[in-house]
Amino acid sequence: MKLEFLKPDDSYKPGVYWYFMDGNMTAETMTKDLESMKKVGIGNLIFLEVNVGIPRGKAKL
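Quick look at the structure, then.

What counts and what doesn't
Residues numbered from 1 in each chain as written. Predicted model: local features only at pLDDT ≥ 70, side-chain atom pairs only at ≥ 80, totals over all residues. Heavy atoms only, no water. Helix = DSSP H or I, 4+ residues; strand = E, 2+ residues; numbered from the N terminus. Rg over C-alpha atoms; globule rule 2.2 N^0.38 Å. Buried < 20%, exposed > 50% of the residue type's maximum accessible area, 1.4 Å probe, protein only. Contact = heavy atoms within 4.5 Å. Areas by Shrake-Rupley, 256 points an atom, 1.4 Å probe, with all protein chains shown as cover. Lys, Arg positive; Asp, Glu negative; His and termini not counted. Charge placed at Lys NZ, Arg CZ, Asp CG, Glu CD. Salt bridge = Lys/Arg side-chain N within 4 Å of Asp/Glu carboxyl O.

Let's talk about the overall build of the protein chain
Here is step 1: On a plain count of helices and strands, the protein chain comes out with 2 helices and 2 strands.
Here is step 2: Ordered by position from the N terminus, the helices and strands of the protein chain form the series α-β-α-β.
Here is step 3: By the compact-globule yardstick of 10 Å for 61 residues, the protein chain is too spread out, its C-alpha radius of gyration being 15 Å.
Here is step 4: Considered along the principal axes of its C-alpha atoms, the protein chain spans approximately 50 × 20 × 15 Å.
Here is step 5: Taking all 61 residues of the protein chain together, the buried fraction comes to 15%.
Here is step 6: Across the protein chain, every contact between residues at least 6 apart in sequence was considered, and the portion connecting residues at least 24 apart equals 80%.
Here is step 7: For the protein chain, the computed accessible surface area is about 5300 Å², with 60% contributed by carbon and sulfur atoms.
Here is step 8: Placing the 9 positive and 8 negative side-chain charges of the protein chain at their respective mean positions leaves the two points 5 Å apart.

Here it is, written out as structure tokens:
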């Protein structure tokens, strides 16, 4: 039981909502974000691209 707590199965890892502000990201910044999430133990995410009235970015998602 202790080992399961210290090294849980991937299905138990925490998740986040990941919002993109209408294409204002690059492949490089997306990769850095994903690597950072993995490093701190985030194992799941819900990806949402939103338009909140800001100018459209160059990224095509």
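Back to the text.
Side note on the pattern of salt bridges
Here is step 1: Inspection of the entire model under this criterion finds 2 salt bridges.
Here is step 2: Its salt-bridge partner being Asp10, residue Lys13 comes within 3.2 Å of it at the nearest N-O pair.
Here is step 3: Using a relative accessible area of 31% as the deciding quantity, one classes Lys13 as partly exposed.
Here is step 4: According to the relative accessible area criterion, Asp10 is exposed, its value standing at 51%.
Here is step 5: The salt bridge partner of Glu28 is Lys32, with a shortest N-O separation of 3.4 Å. Here the residue Glu28 and the residue Lys32 both occupy positions in helix H2 (residues 27-39), the gap between them amounting to 4 residues, near one helical turn.
Here is step 6: The class for Glu28 is exposed, based on a relative accessible area of 53%.
Here is step 7: For Lys32, a relative accessible area of 48% corresponds to the partly exposed category.

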